[in-house]
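Inside the fold
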Amino acid sequence: MARQIAPDVYCLGPRGRTQTDVYFVQSGSSWVLIDAGWANDGPRIEQAAEMLFGAATRPVAILLTHSHPDHAGSALQLARIWDCPVYLHPDELPLATGDFAAIARFAGPLDHWVILPLMRAIGPRRREAMLSGSSLREVGRPFESDAGVPGLPGWECIPTPGHTPGHVSFFRTIDRVLITGDAVVTVKVNSLSGLLLGRQGLAGPPWYTTWSWRAAKESVATLARLSPSVLAGGHGTPLTGPETAGALRAFARSLRSRHGIGRPRS
Ligand SMILES: [Zn+2]
């Protein structure tokens, strides 16, 4: 069951070992889904949508902060059921549509260690089949970050590259609600104990799946400058309350000066 974290904003999660969150955002009589969980989360997301908005409800769009499998996993399935587009930043679209050259170019450490060697080993034909199986080509649409957020007047799209090249966050200016995907999360994904125990606390994107740590740190600073009242990440329990903006500012400062774990590459 999704719970309200701000007016017209509902969170489904955190769920499972990865503490994944998806968000339902209402605007007037319509709504959008922000991120779409893992591949097997579709029925649960659909059910939560019906609890919130009524039977046979459908959103005007699905928006993705980025195209990783824990955020885009059920996007294709839900877009087909709901007959709606899936919007991504133009720089993210090649990754979401199975462009292997782009996947190799914007790879994170885990891709370099495991995924790319496997994908190269299986050969081009099987690789293309695998990539087209999860491709969003049929439903994915680019949207320009400075042209407003599809389906959400009053919200801004904040480019937050680093975790992936076309990662974006969403910000409602009137009450400073911020949905950050993996640009900032509220569970300690960058320490082993934090990850295993699900410890809550601010963290940058999981470094092992992050393309550019340098850009990711700059994106955290960009988000801190927004002074959010609600910080709703892609993993962990959303932060609300008067401490939120200060906590994010302090985290951005610590990230800038920190060495070792949490800043594995720059
Ligand atoms: Zn994630």
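Above this text is the structure in question.
Quick look at the overall build of the chain now. Looking only at helices and strands, the chain has nine helices and 14 strands in total. Dimensions of the chain, computed from the C-alpha atoms along their principal axes, are close to 50 × 45 × 35 Å. Buried positions account for 54% of the 266 residues belonging to the chain. Summarising the internal contacts of the chain: among those between residues at least 6 apart in sequence, 61% fall at separations of at least 24. Taking the average location of the 26 positive side-chain charges in the chain and that of its 21 negative ones, the two points are 9 Å from each other.

You can see Asn-190 is positioned in the loop between strand S11 (185–187) and helix H7 (192–197). You can call Asn-190 buried: its relative accessible area is 11%. For Asn-190, the side chain forms a polar contact with the main-chain nitrogen of Trp-207, separated by 2.9 Å.

The next thing to look at is the nonpolar core. Among the nonpolar cores identified, the biggest contains 26 residues, and Phe-24, Leu-33, Ile-62, Leu-64, Trp-82, Val-86 and Leu-136 are the most heavily contacted of them. Where this core is concerned, the elements lending two or more residues are strand S2 (9–15), strand S3 (20–27), strand S4 (30–34), helix H1 (42–53), helix H2 (75–82), strand S6 (86–88) and helix H3 (93–96). Among the elements that make up this core, the one with the highest residue count is H2 (five residues). Look past the residues within four positions of Ile-62 in its chain and what remains in contact with it is Leu-33, Ala-75, Leu-78, Ala-79, Trp-82, Cys-84, Pro-85, Val-86 and Tyr-87. Of all hydrophobic cores here, the second largest spans 22 residues; its members include Cys-11, Ala-61, Phe-143 and Ala-232.

For the rest of this paragraph, the subject is the packing of helix H8 (residues 213–224) against helix H9 (residues 244–257). Running from amino to carboxyl end, H8 crosses H9 at an angle of 155 degrees, the nearest separation of the two axes being 9 Å. Overall, the two elements H8 and H9 adopt an arrangement that is roughly antiparallel. Crossing of H8 against H9: the hand is left-handed. Residue-level contacts link Trp-213, Lys-217, Val-220, Ala-221, Leu-223 and Ala-224 of H8 to Leu-248, Arg-249, Phe-251, Ala-252, Leu-255 and Arg-256 of H9. Within the contact of H8 with H9, the residues separate by chemical class into nine nonpolar, no polar and three charged.

To describe two helices that pack against each other, one gives the angle between their axes and the distance between the axes. Running from N to C, H1 and H2 point in directions that differ by 45 degrees, and their axes come no closer than 9 Å. Comparing their axes, H2 and H1 come out oblique. You can see that H1 and H2 cross each other, and the crossing is right-handed. For the pair H1 and H2, contact is made by Gly-42, Pro-43, Ile-45, Glu-46 and Ala-49 and by Gln-77, Leu-78, Ile-81 and Trp-82, respectively. A breakdown of the residues in the contact of H1 with H2 according to their chemical character gives six nonpolar, two polar and one charged.

The seven strands are arranged S1-S2-S3-S4-S5-S6-S7 in an open sheet whose pairing can be described as mixed. Unpaired on one side and paired on the other, strand S1 (3–6) and strand S7 (140–142) mark the two borders of the sheet. Ignoring strand direction, the axes of neighbouring strands in this sheet form an average angle of 30 degrees. Examined bridge by bridge, S6 and S7 share three bridges and lie parallel to one another. Bridge assignment links Tyr-87 to a residue of S7, and that residue is Arg-141. Contacts between H1 and the sheet are confined to S2, S3 and S4, with S3 contributing the most and set at about 35 degrees to the helix.

Cut-offs applied
- Residues numbered from 1 in each chain as written.
- Predicted model: local features only at pLDDT ≥ 70, side-chain atom pairs only at ≥ 80, totals over all residues.
- Heavy atoms only, no water.
- Helix = DSSP H or I, 4+ residues; strand = E, 2+ residues; numbered from the N terminus.
- Buried < 20%, exposed > 50% of the residue type's maximum accessible area, 1.4 Å probe, protein only.
- Contact = heavy atoms within 4.5 Å.
- Lys, Arg positive; Asp, Glu negative; His and termini not counted.
- Charge placed at Lys NZ, Arg CZ, Asp CG, Glu CD.
- Polar contact = N/O pair within 3.5 Å; in protein donor to acceptor, adjacent residues only side chain to side chain.
- Core = buried A, V, L, I, M, F, W, Y, C linked by side-chain atoms within 4.5 Å.
- Axes fitted to C-alpha atoms, helices over the stretch in contact; angles between N-to-C directions.
- Parallel < 35°, antiparallel > 145°, perpendicular 65-115°, else oblique.
- Left-handed = near helix turned anticlockwise from the far one by under 90°.
- Nonpolar A, V, L, I, M, F, W, Y, C, P; charged D, E, K, R; others polar.
- Pairing = 2+ DSSP bridges.

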